[in-house]
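Analysis of the macromolecular model
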Amino acid sequence: MIPYQAVIQQLEKQLASAKNAATDQQIREALIAIRALCDVVLDSPSDPAPITPPKHLPQMLVSETKPSSLYTSKIEEDGANGDSIFDF
C-alpha cells in the first residue's frame with residue numbers, strides 16, 4: 001500500500017501546478033492527476049488481505065509415457081518421388 005504521506009505530497013505538487021497553470025488545459029491536467037491520486041488511495045483496501053492459494057487446485061494430467069522424438073525414421077512408400085514434403 002502506498003503511504004498516505006507520499007500521496008499527500010504528490011497532491012500538493014499537483015495543486016501547486018494547478019494554481020500556477022497558464023491555461024485551462026494545464027489546470028484540467030493537474031486536476032485529473034489529483035483525481036487519479038485520490039482514486040488510488042480511496043479504491044485500495046485499508047487493510048489488504050494476505051494472498052491465499054485456492055483450497056482446491058484442479059488435477060493436471062501427467063503422461064507416464066515418454067514423448068516421441070521429433071525426428072522419426074524415413075518412411076518409404078511406393079510412388080513417392082523423393083525426400084521433399086512436397087513430393088507426392
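Look up: the structure comes first, before these words.
The numbers attached to residues start from 1 for each chain and follow its sequence in the written order. Where local features are concerned, this predicted model is filtered to residues with pLDDT of at least 70; where side-chain atom pairs are given and counted, the filter is 80 or more; whole-chain, interface and lining totals use all residues. Excluded from the side-chain calculations are hydrogens and water; all other atoms, namely the structure's heavy atoms, are used.

Segments assigned H or I by DSSP are reported as helices when at least four residues long, segments assigned E as strands when at least two residues long, and all are numbered from the N terminus. A count of helical and extended segments in the chain gives two helices and zero strands. Buried residues are those whose accessible area, probed at 1.4 Å on protein chains only, stays under 20% of the maximum for their type, while exposed residues exceed 50% and partly exposed ones sit between those limits. Taking all 88 residues of the chain together, 6% fall into the buried category. Of the roughly 8,800 Å² of accessible surface on the chain, a fraction of 58% belongs to carbon and sulfur atoms. Per-residue accessibility takes into account occlusion by the displayed protein chains alone, with areas from the Shrake-Rupley method and a 1.4 Å probe.

So, on to helix H2 (residues 24–43). With 20 residues, H2 should reach 28 Å at 1.5 Å per residue; the first-to-last C-alpha distance of 28 Å fits that figure. Taken as a whole, H2 has its buried residues at Ala30, Ile34 and Val41. The buried residues of H2 all sit within an arc of 40° when viewed along its axis, so they share a single face. For H2, exposure combined with an orientation more than 90 degrees from the buried face picks out Asp24, Arg28, Arg35 and Asp43. The contact definition used throughout considers only heavy atoms, calling two residues in contact when any of these lie within 4.5 Å. Looking at the buried positions of H2, the neighbouring elements they touch are helix H1 (4–19). Here a helix's expected span is defined as the number of its residues, less one, multiplied by 1.5 Å. It is the directions from the helix axis to the C-beta atoms whose arc is reported.

Considering the arrangement of structural elements, one finds glutamine 10 in helix H1. Looking at glutamine 10, the relative accessible area reads 33%, which means it is partly exposed. When the C-alpha atoms of glutamine 10 and isoleucine 34 are compared, they prove to be 8.2 Å apart, with 24 residues separating the residues in sequence.

Working note: a packed helix pair is described by the angle between its axes plus the distance between those axes. Here H1 crosses H2 at 165°, and the two axes come no closer than 8 Å. Classified by the angle their axes make, H1 and H2 are roughly antiparallel. The interaxial crossing formed by H1 with H2 has left-handed handedness. Between H1 and H2, the residues in contact are Tyr4, Val7, Gln10, Leu11, Gln14, Leu15, Ser17 and Ala18 and Ile27, Ala30, Ala33, Ile34, Leu37, Cys38 and Val41, respectively. Classifying every residue of the contact of H1 with H2 gives 12 nonpolar, three polar and no charged. As a rule, the C-alpha atoms of each element are fitted with a line to give its axis, helices using only the stretch in contact, and angles between N-to-C directions run from 0 to 180 degrees. For classification purposes, an angle smaller than 35 degrees is called roughly parallel, one larger than 145 roughly antiparallel, one from 65 to 115 roughly perpendicular, and anything else oblique. By definition, any crossing whose near helix is turned counterclockwise from its far helix by less than a right angle is left-handed, and any crossing with a clockwise turn is right-handed. Three classes are used, and their members are as follows: Ala, Val, Leu, Ile, Met, Phe, Trp, Tyr, Cys and Pro are nonpolar, Asp, Glu, Lys and Arg are charged, and the others, Gly among them, are polar.

On to the environment of glutamate 29. Along the chain, glutamate 29 turns up in helix H2. Put simply, glutamate 29 and alanine 18 are 11 residues apart on the chain and 8.1 Å apart in space, counted from C-alpha to C-alpha.

Relative to the helices and strands, tyrosine 4 resides in helix H1. Sequence spacing of tyrosine 4 and valine 41 is 37 residues, and the spatial spacing of their C-alpha atoms is 7.6 Å.

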